[in-house]
Amino acid sequence: MSTTTTRGIPSSAPAKVSKTRPRRGLRANSTLNFWLFTGPFLIGLVIFVFVPIGWSIWLSFFDARFTVTPSKFIGFDNYSTILSDPNFTNSLVTFTVFAAFIVPLTWALSLGLALLVHRLTFMRAFFRSVFFLPTACSYVAASLIWKMSIFNGVRFGLANTVLSWFGVDNVAWLANPSPPWYWLVLVTLRLWLQAGFYMILFLAALQNIPAELYEAAAIDGAKPGWQTFRYITLPQLRATSTAVILLLLVAAYQAFDEFFNLMGKATWGQPPLVILYKTALGTSQDYGAGSAGAVILTLLICVVTLLQGRFMGFGRGEESK
């Protein structure tokens, strides 16, 4: 609708401001979106993680033989029982030493593979996939391959076949605790299964290092190779290295599948989880003692992880490093 001004020039009337109605639906309610996407995950986390953890802690204070709903409270007796078991305490010490070896070995191997793949100018995706493929292999299947084909202890095994070329007799890799050749089998298997995954983490971190740092170092006279790696690459990988070491420590104490399938009924070199498995699910079915051992193992992992994180400076700000 038009109106006339004082000069006679028609002008349009000011349009009425229409009140737009708020859009309804999923986009209008971000809170609803959040719970729709995270709700199933949180429900599964509570049911399959938090409830079993709480139930295990509760069982550890009760006499829970052949039942998961005990009524007899015995306090810390289960903890004293499992700590008085020499097999469990020896396994804790053994796997602390095992973690001290396997963690730096896996860290160095995965970092070395990442550096090699990162420097490739051709077929980078191919080699990245080849090194990562063992991660998709089942621990049980890989354990059987290592046990039956590579380190089976007879002259038809791959390892003994290679040694026979140099005049070395057959080695019983998994049959005898002295000498402890079984550690070679276990360590090589774990390296083959884990190195590819952590290589991917290091590759992602290497690709985020600014190229300007290397250019500035070259202008300042730094030699390519060890100097640039020590003063530029390694410090830039500090956060990734800390995360990798934390994951490796937890994985070392939680080892189960390869040890259970390689060692069988052998009593030497068993991880804590195998002993707890036999305590809780064996002939005695002592769920209380098994739960107490699980709590102790969890606390040990937390303490070692916190100490390692404090040593590496995990969580500190840039100004305090």
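Residues numbered from 1 in each chain as written. Predicted model: local features only at pLDDT ≥ 70, side-chain atom pairs only at ≥ 80, totals over all residues. Heavy atoms only, no water.

S.K.: Help me get a handle on the pattern of salt bridges, residues and values and all.
M.R.: Where charged atoms of side chains with opposite charge meet at close range, the side chains can pair. In total, this model carries two salt bridges according to the counting rule given. In this structure, arginine 65 and aspartate 286 form a salt bridge, with 3.4 Å as the shortest nitrogen-oxygen distance. Highlighted residues: arginine 65 in the loop between helix H1 (30–59) and helix H2 (77–83) and aspartate 286 in the loop between helix H12 (272–281) and helix H13 (287–312), separated in sequence by 221 residues. A salt bridge links arginine 190 to glutamate 258; its shortest N-O distance comes to 2.5 Å. Residue arginine 190 is found in helix H7 (residues 182–207), and its partner glutamate 258 is found in helix H11 (residues 257–263); the two are separated by 68 residues along the sequence. (Salt bridge = Lys/Arg side-chain N within 4 Å of Asp/Glu carboxyl O. Helix = DSSP H or I, 4+ residues; strand = E, 2+ residues; numbered from the N terminus.)

S.K.: If you had to explain the packing of H12 against H13 to someone new, which residues and values would you point to?
M.R.: Axis separation between H12 and H13 bottoms out at 7 Å; the angle between their running directions is 160°. Between H12 and H13, the interaxial angle falls into the category roughly antiparallel. Seen along the crossing, H12 lies across H13 with a hand that is left-handed. Residue-level contacts link Pro272, Leu273, Leu276, Thr279, Ala280 and Leu281 of H12 to Tyr287, Ala289, Gly290, Gly293, Ala294 and Leu297 of H13. Within the contact of H12 with H13, the residues separate by chemical class into nine nonpolar, three polar and no charged. (Axes fitted to C-alpha atoms, helices over the stretch in contact; angles between N-to-C directions. Parallel < 35°, antiparallel > 145°, perpendicular 65-115°, else oblique. Left-handed = near helix turned anticlockwise from the far one by under 90°. Contact = heavy atoms within 4.5 Å. Nonpolar A, V, L, I, M, F, W, Y, C, P; charged D, E, K, R; others polar.)

S.K.: Talk me through the confidence of the model for the protein; I want residue IDs and the actual numbers.
M.R.: Predicted confidence across the protein gives a mean pLDDT of 84, with 88% of residues reaching 70 or more. Here residues 317–321 is a poorly scored stretch, pLDDT under 50, and it has two contacts once near neighbours within four places are set aside; other chains count. (pLDDT = per-residue confidence, 0-100.)

S.K.: Lay out unusual backbone geometry with the relevant residues and their values.
M.R.: The omega torsion of the bond from serine 178 to proline 179 falls at -5°, within 30 degrees of zero and hence cis. Mapped onto the elements, proline 179 comes out in the loop between helix H6 (158–164) and H7. One non-glycine residue, phenylalanine 66, lies in the positive phi region at around 60°. Among the structural elements, phenylalanine 66 can be located in the loop between H1 and H2. Although it is not a glycine, methionine 123 sits at a positive phi angle of roughly 55°.

S.K.: Report on the side chain of serine 91, specifying residues and quantitative values.
M.R.: Summarising the element assignment, serine 91 is placed in helix H3 (residues 86–119). In this structure, serine 91 is in contact with Gln270, Pro271, Pro272 and Ile275, ignoring residues within four places of it in sequence.

S.K.: Pulling in residues and values, what's your account of the nonpolar core?
M.R.: If you look at the biggest cluster of nonpolar residues, it comprises 58 residues, and the most contacted ones within it are Phe98 and Phe259. For this core, the element with the highest residue contribution is H7, accounting for 15 residues. With sequence-adjacent residues up to four places away left out, phenylalanine 259 is seen in contact with Phe95, Phe98, Trp183, Leu186, Gly264, Gly269 and Pro271. (Core = buried A, V, L, I, M, F, W, Y, C linked by side-chain atoms within 4.5 Å. Buried < 20%, exposed > 50% of the residue type's maximum accessible area, 1.4 Å probe, protein only.)

S.K.: Give me the lowdown on the side chain of serine 241, citing residues and values where you can.
M.R.: Along the polypeptide, serine 241 turns up in helix H10 (residues 238–253). We classify serine 241 as buried; its relative accessible area is 4%. Residues in contact with serine 241, not counting those within four places in the same chain, are Trp107 and Phe202.

S.K.: How would you summarise the packing of aromatic side chains if you had to cite specific residues and measurements?
M.R.: For any pair of aromatic rings, the description rests on two quantities: the centre-to-centre distance and the angle between the ring planes. Applying the stated criterion to the full structure yields 25 aromatic pairs. With centroids separated by 5.8 Å and ring planes inclined at 75°, the aromatic side chains of tryptophan 173 and tryptophan 181 adopt a geometry described as edge-to-face. We classify tryptophan 173 as buried; its relative accessible area is 6%. Between tryptophan 226 and phenylalanine 229, the aromatic rings sit 5.9 Å apart at their centres with planes inclined by 40°, giving tilted as the arrangement. Of the two residues, tryptophan 226 and phenylalanine 229 are both situated in helix H9 (residues 226–236); the distance of three residues between them amounts to about one turn of the helix. Judged by its relative accessible area of 59%, tryptophan 226 is exposed. Here phenylalanine 229 falls in the buried class, since its relative accessible area comes to 18%. (Phe/Tyr/Trp six-rings, centres within 6.5 Å; stacked < 30°, edge-to-face > 60°.)

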